[in-house]
Amino acid sequence: MPTPRRLHHRLDPVAVEEIPFQASDGARLGLTRIDTGESDRPAVLLLHGHTASADMFLLPETRNLVDVLLDDGYEPWLLDWRGSCRLPYNETGHTYTYDDVALYDIPEAVSYIRERIGDRALFVVAHCIGSLTLSLSMAAGLVPGLAGVVSQGVFLTPKLAGRTSLRMSVAGELLKTRIDHIPVDFRKVGLWSKYTPLFALASRKANCPDPTCQILHNSAWGTGASLFVHENLSGATHDRLAELLGPAPLWILPHLRRIELARSVVRWHDTDHRYRALPPNALDAAGGIDAPVLLLSGSENGLWLDSQKLCHEILAHRQPHLDVSYTEIPGYGHLDTFLGRGAALDVFGHILDFLGKRR
């Protein structure tokens, strides 16, 4: 079974408990607990986005979310679900859908954490696809009793720009017989590789000379979207982009396209009985969500646009009994809400305020 690569952090190694963790369908995952030496702290599970990893919450070059949670009296837990770049699945052909994350990875991690923390409160802070799949788990009733959820970027109502959706559809059909993933580190693939045209396309009208930055900031793996506001990243974080974000698998596109076209998180497996615990459409089943939810988004989100605002409006209309609020962060994009050098000042306070009112 694959072992997750080493986490990059500046914490005392003694405090970082790496837990061997395997989902019940056999996928080896990564689960990390930050030991504070105190047994009465509320726990917070952090969920990264697809192709990212738990490293996005542990940036050693800045004041990161784990630092802030520790200082405010919480016990952080970090799950590297099967879409993590600390694991090899995005490149090895070990295919999966977001159904697998919603059915196995998140509920089983939550169950394990609850066994460890007892009756202490458990919160979740989730980013991007980690948040999207969490919404499916919550709508299915697989993670009941959470004290609160912070969703960043997208939750129940994914919304992409028209050109992004079109590129995703066209690229998926044209490239599926040629490549199975899109890399981000040009140094690894080389100039004379089959990926060179993708990097060349991403470099058009780019202001930054770094190919990794171009394919992420200027193109979002070739979709034409943007993952962050460039000036919000420190130089050190910018230089680590190839470590923080890994290759994007193309075989996940059919499920992602179905989700985006439905403007809702929908189940992929309609005939496989193993996935019957998941609702066909999470938005239709949202009335069963039993945790307060804070929807966060940067005002300049170049990937999911105003998905979170849309989600708040729809839930306020269709499920007014739910405790759902929406906060927009001025001047921030998508990833920089966690990776930005000023995120501790501009973003994390909203998270702490939400958690603090419910701990």
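A few points on the structure. Source: prediction; values computed, not measured. (Residues numbered from 1 in each chain as written. Predicted model: local features only at pLDDT ≥ 70, side-chain atom pairs only at ≥ 80, totals over all residues. Heavy atoms only, no water.)

## Focus on the overall build of the chain
Line of reasoning, step 1. In terms of helices and strands, the chain carries 15 helices and ten strands.
Line of reasoning, step 2. For 359 residues, the compact-globule estimate of 2.2 N^0.38 gives 21 Å, and the C-alpha radius of gyration of the chain, at 19 Å, lies within 12% of that figure.
Line of reasoning, step 3. If you line up the chain on its principal axes, its C-alpha atoms span 55 × 45 × 45 Å.
Line of reasoning, step 4. Taken over 359 residues, the chain has a buried fraction of 60%.
Line of reasoning, step 5. When contacts within the chain are restricted to residue pairs at least 6 apart in sequence, long-range pairs at least 24 apart make up 75% of them.
Line of reasoning, step 6. Of the roughly 14100 Å² of accessible surface on the chain, 52% is carried by carbon and sulfur atoms.
Line of reasoning, step 7. Here the chain carries 35 positive and 41 negative side-chain charges, and the mean point of each set is 6 Å from the other. (Helix = DSSP H or I, 4+ residues; strand = E, 2+ residues; numbered from the N terminus. Rg over C-alpha atoms; globule rule 2.2 N^0.38 Å. Buried < 20%, exposed > 50% of the residue type's maximum accessible area, 1.4 Å probe, protein only. Contact = heavy atoms within 4.5 Å. Areas by Shrake-Rupley, 256 points an atom, 1.4 Å probe, with all protein chains shown as cover. Lys, Arg positive; Asp, Glu negative; His and termini not counted. Charge placed at Lys NZ, Arg CZ, Asp CG, Glu CD.)

## Observations regarding helix α11 (residues 253-262)
Line of reasoning, step 1. Of all the residues in α11, the buried ones are L253, H255, L256, R257, I259 and E260.
Line of reasoning, step 2. Count one or two residues on from α11 and you reach R263, which has phi positive near 55 degrees.

## Comments concerning the environment of S325
Line of reasoning, step 1. Position of S325 among the secondary structure elements: in strand β10 (residues 324-329).
Line of reasoning, step 2. Residues S325 and T237, 88 residues apart in the sequence, show an inter-C-alpha distance of 30 Å.
Line of reasoning, step 3. Residues within four places of S325 in sequence aside, it is in contact with V293, L294, L295 and H312.

## Structural notes on the sheet that holds strand β3 (residues 43-47)
Line of reasoning, step 1. Read from one edge to the other, the open sheet built from eight strands follows the order β1-β2-β4-β3-β5-β6-β9-β10, with strand pairing classed as mixed. With partners counted over all chains shown, the strands left at the sheet margins are β1 (16-22) and β10, one partner each. On average, each strand axis in the sheet is inclined to that of its neighbour by 20 degrees, with strand direction left out of account.
Line of reasoning, step 2. Each of β1, β2 (28-34), β3, β4 (75-80) and β5 (122-127) is contacted by helix α3 (residues 98-117), which is oriented at about 150 degrees to β4, the strand it contacts most. (Pairing = 2+ DSSP bridges. Axes fitted to C-alpha atoms, helices over the stretch in contact; angles between N-to-C directions.)

## Re the layout of surface pockets
Line of reasoning, step 1. Of the pockets and cavities examined, the largest pocket occupies roughly 520 Å³.
Line of reasoning, step 2. Lining the largest pocket we find 32 residues, and of these A220, W221, T223, A248 and L256 sit closest to its centre.
Line of reasoning, step 3. Of all the secondary-structure elements, those providing two or more residues to the lining of the largest pocket are α5 (162-175), α7 (196-202), β8 (248-249) and α11.
Line of reasoning, step 4. The dominant element in the lining of the largest pocket, judged by the number of residues it contributes, is α5, at four residues.
Line of reasoning, step 5. A breakdown of the residues in the lining of the largest pocket according to their chemical character gives 24 nonpolar, seven polar and one charged.
Line of reasoning, step 6. In this structure, the second largest pocket encloses a volume near 270 Å³.
Line of reasoning, step 7. Considering the residues around the second largest pocket, the lining is formed by 17 residues, among which E91, K188, A242, G246 and P247 are closest to the centre.
Line of reasoning, step 8. Within the residue set of the lining of the second largest pocket, elements represented by two or more residues are α2 (89-92), α6 (186-189) and α10 (241-244). (1 Å grid on protein atoms, 1.4 Å probe; cavity = no way out; pocket = protein on both sides within 12 Å on 5 of 7 lines; lining within 4 Å. Points joined across faces, edges and corners; volume = space filled by probe spheres on them. Nonpolar A, V, L, I, M, F, W, Y, C, P; charged D, E, K, R; others polar.)

## Describing the pattern of salt bridges
Line of reasoning, step 1. As enumerated under the stated definition, the model contains 23 salt bridges in all.
Line of reasoning, step 2. With a closest N to O distance of 2.6 Å, D80 and R86 form a salt bridge. Side by side, D80 and R86 carry an identical accessibility label, which is buried. (Salt bridge = Lys/Arg side-chain N within 4 Å of Asp/Glu carboxyl O.)

## Describing a positive patch on the surface
Line of reasoning, step 1. A surface patch of positive charge is lined by R163, R167, R204 and K205.
Line of reasoning, step 2. Mapped onto the elements of the fold, R163 is located in helix α5.
Line of reasoning, step 3. Taking the relative accessible area as the measure of exposure, R163 reaches 54% and is therefore exposed. (Patch = residues over 30% accessible without salt bridge, like charges linked within 9 Å, V, L, I, M, F, W, Y side chains within 5 Å.)

## With respect to empty space enclosed by the protein
Line of reasoning, step 1. For the structure shown, the criterion picks out one cavity of 30 Å³ or more.
Line of reasoning, step 2. Taken together, S165, M168, S169, R257, E260 and L261 form the lining of the largest cavity.
Line of reasoning, step 3. Put simply, the parts of the chain that give the lining of the largest cavity at least two residues each are α5 and α11.
Line of reasoning, step 4. Taken together, the residues of the lining of the largest cavity break down into two nonpolar, two polar and two charged.

## Quick word on the pairing of β2
Line of reasoning, step 1. In terms of burial, β2 is a largely internal element, seven of the seven residues being buried.
Line of reasoning, step 2. Side-chain alternation along β2 places R28, G30, T32 and I34 on one buried face and L29, L31 and R33 on a second face that is also buried.
Line of reasoning, step 3. In terms of strand pairing, β1 meets β2 through seven bridges, oriented antiparallel. Of the residues in β2, the one forming a bridge with Q22 is R28.
Line of reasoning, step 4. Sheet analysis places β2 next to β4, joined by four bridges and oriented antiparallel. Of the residues in β4, the one forming a bridge with G30 is D80.

As far as function goes, none of this settles anything; it's purely spatial.
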